[in-house]
Amino acid sequence: MCQLKRALYGLKQAPRAWYTRIDNYFTGLVFTKSEADANLYHIMVKGKQLIIVLYVDDLILTGDDQLIMSCKEDLAREFEMKDMGLIHYFIGMEVW
């Protein structure tokens, strides 16, 4: 789980601008947006899958370990973020 440290706070259209920016970033990296959930992105690279779920300013990454590490590095270059390690709770539910 990663938390983005800085969003576009202070702007009237901040949530929309933030979502547009991150959506353009993921689609620019050839991620496919889920038809069921607009905040779920996935990509297949050499038969290995990476799934990203966006929730406000948190990102949940799951899939192949190498793809996760590579994606975290790419995200850290583009956005100011902090790696929060393995996920334990999500929306009040325990994850294990």
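Use the structure listed above.
Report on the accompanying structure. If you're wondering where the values come from, they're calculated on a predicted model, not measured in any experiment.

### Here we look at the packing of aromatic side chains
Given two aromatic rings, their pairing is described by the distance between the two centres and the angle made by the two planes.
Then step 1. Taken as a whole and assessed by the stated rule, the structure comprises four aromatic pairs.
Then step 2. Aromatic pair Y25 and F79: ring centres 5.2 Å apart, planes at 85°, arrangement edge-to-face. You can see Y25 sitting in helix α1 (residues 14-28) and its partner F79 sitting in the loop between α2 (65-78) and β6 (81-83), a full 54 residues away along the chain.
Then step 3. According to the relative accessible area criterion, Y25 is buried, its value standing at 15%.
Then step 4. Judged by its relative accessible area of 6%, F79 is buried.

### Quick notes on the pattern of salt bridges
Then step 1. All chains considered together, the criterion is met by five salt bridges.
Then step 2. The closest approach of N and O atoms between D83 and K72, which form a salt bridge, is 2.8 Å. With D83 in strand β6 and K72 in helix α2, this residue pair connects regions lying 11 residues apart in the sequence.
Then step 3. Between D74 and R77 there is a salt bridge whose closest N-O contact spans 2.4 Å. Within this pair, D74 and its partner R77 are both found in helix α2, separated by three residues, close to a single helical turn.
Then step 4. Under the relative-accessibility criterion, D74 is labelled partly exposed at 26%.

Conventions and cut-offs
Residues numbered from 1 in each chain as written. Predicted model: local features only at pLDDT ≥ 70, side-chain atom pairs only at ≥ 80, totals over all residues. Heavy atoms only, no water. Phe/Tyr/Trp six-rings, centres within 6.5 Å; stacked < 30°, edge-to-face > 60°. Helix = DSSP H or I, 4+ residues; strand = E, 2+ residues; numbered from the N terminus. Buried < 20%, exposed > 50% of the residue type's maximum accessible area, 1.4 Å probe, protein only. Salt bridge = Lys/Arg side-chain N within 4 Å of Asp/Glu carboxyl O.

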